[in-house]
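# Structure at a glance
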Amino acid sequence: MSIAESIAKIRASLSEEVRLIAVSKQVPTEAMREAYKAGIRDFGESRIQETETKQKLLEDLPDITWHLIGHLQTNKAQKALQLFQWIHSVDSLKLAQRLDRLAAELNVTPQVCLQVKLTDDPHKHGFTQPQLLEELPALIECHHLSIQGLMAIPPLGLNEGETLTLFENASHLAQDIRQQWPQLPLRELSMGMSGDYHLAVKAGSTMVRLGTILFGERGA
Ligand SMILES: *Cc1c(COP(=O)(O)O)cnc(C)c1O
C-alpha cells in the first residue's frame, strides 16, 4: 500500500474529531512529502537534531504543525520551543517550569500535554497519577504553557484488555482533572500508536500518533 493509501484508509476509520499525527521519526523527507500531499499537516518527531534537519529540507511546506513526542532533556528545552508548536512529552514539573521560563523569554506559548505514567515502572517517564494531582497547582502556574491534555504510552507486553484499561484510566484521570480544575481546557488525550490506536480511540483518544502503519517499518 502507498503512504497515501494508508493515510486514506486510517483517516476513514477515525472519527473527524481525532487528530492524526504522522510520526515521521527516522522517515525520510520524501516520504513526509507524500504524506503532506495526502493531507497530513501534523508530524510527530522524537529528536531535536533530526527535526532541525528536516525542517530545513521542508521549508517550502510552511503550514506543518510539529509535535515533539519523545522525552525532552531540560538542556534541549530552548531548541524544542524553537522547533515545535506542540510538546506531548512534558513529563515532570521541573521540565514544565523550565519550558515556561524559556517560553516567556522567547515570547511563545507552546501547546503541551502532560505525560502520565500508566504503571509505576520507575524506568518510564511521566507523572504518576498522585504526583500529577499534587503538582497540578504548580503546573497551572506555568502561564506560558498552554496545557491542552494528557499523553500516555502503555508499556509493551500487555494484552488488549489490559491496554484498554490503562487508556481508560488516563481518560478518567483527565475527567477528574477537568472537574477539579475547570479553568484548564484539557481537551486532548494523546494516546494510541500503530499497534493500539483502535483501543486508545475506544477510550476517548483525541490525538493518535501513528508511524509504522503509515510509513512502514522504520529503517526498513
Ligand atoms: C515512535 C512513537 C510513536 C509511533 O509508533 P508506531 O508504533 O510506529 O506507530 C508514537 N508515539 C511515540 C511516543 C513514539 O515514540
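If you're wondering where the values come from, they're calculated on a predicted model, not measured in any experiment.

This part covers the site of the ligand. In the vicinity of the ligand, the contacting residues are Val23, Lys25, Ile69, Ile153, Met193, Ser194, Arg209, Leu210, Gly211, Thr212 and Arg218. Here Lys25 contributes a side-chain N or O atom positioned 2.7 Å from an oxygen atom of the ligand. Contact between the ligand and Arg218: an oxygen atom at 2.8 Å from a side-chain N or O atom of the residue. About the coverage of the ligand: the protein hides 88% of its 390 Å² of free accessible area. Taken atom by atom, the bulk of the ligand overlaps the second largest pocket. Classifying every residue of the shell around the ligand gives five nonpolar, three polar and three charged.

So, about the pairing of strand β7 (residues 188–191). Every second residue of β7 is oriented toward a common face, with Glu188 and Ser190 on one face and Leu189 and Met191 on the other, all of them buried. Bridging between strand β6 (residues 146–152) and β7 involves four bridges; their strand directions are parallel. For Leu150, the partnering residue across the bridge sits in β7 and is Leu189. Between β6 and its parallel partner β7, the chain crosses via helix α7 (residues 160–180), and the hand of that crossover is right-handed.

All right, on to the packing of aromatic side chains then. Using the criterion set out here, one finds one aromatic pair in the structure. Between Phe43 and Trp66, the ring centres sit 6.2 Å apart and the planes meet at 35°, which makes this aromatic pair tilted. Placement of the pair is Phe43 in strand β2 (residues 42–45) and Trp66 in strand β3 (residues 65–68), with a sequence separation of 23 residues. For Trp66, a relative accessible area of 6% puts it in the buried group. The aromatic ring of Tyr36 is capped on one face by Arg41, whose charged end is 3.5 Å from the ring centroid.

Procedures and definitions
- Residues numbered from 1 in each chain as written.
- Predicted model: local features only at pLDDT ≥ 70, side-chain atom pairs only at ≥ 80, totals over all residues.
- Heavy atoms only, no water.
- Near = heavy atom within 4 Å.
- Polar contact = N/O pair within 3.5 Å; in protein donor to acceptor, adjacent residues only side chain to side chain.
- Areas by Shrake-Rupley, 256 points an atom, 1.4 Å probe, with all protein chains shown as cover.
- 1 Å grid on protein atoms, 1.4 Å probe; cavity = no way out; pocket = protein on both sides within 12 Å on 5 of 7 lines; lining within 4 Å.
- Sits in = over half its atoms within 2 Å of the grid points.
- Nonpolar A, V, L, I, M, F, W, Y, C, P; charged D, E, K, R; others polar.
- Buried < 20%, exposed > 50% of the residue type's maximum accessible area, 1.4 Å probe, protein only.
- Helix = DSSP H or I, 4+ residues; strand = E, 2+ residues; numbered from the N terminus.
- Pairing = 2+ DSSP bridges.
- Right-handed = clockwise from strand over helix to strand, strands pointing away.
- Phe/Tyr/Trp six-rings, centres within 6.5 Å; stacked < 30°, edge-to-face > 60°.
- Lys NZ or Arg CZ within 6 Å of the ring centre and 35° of its normal.

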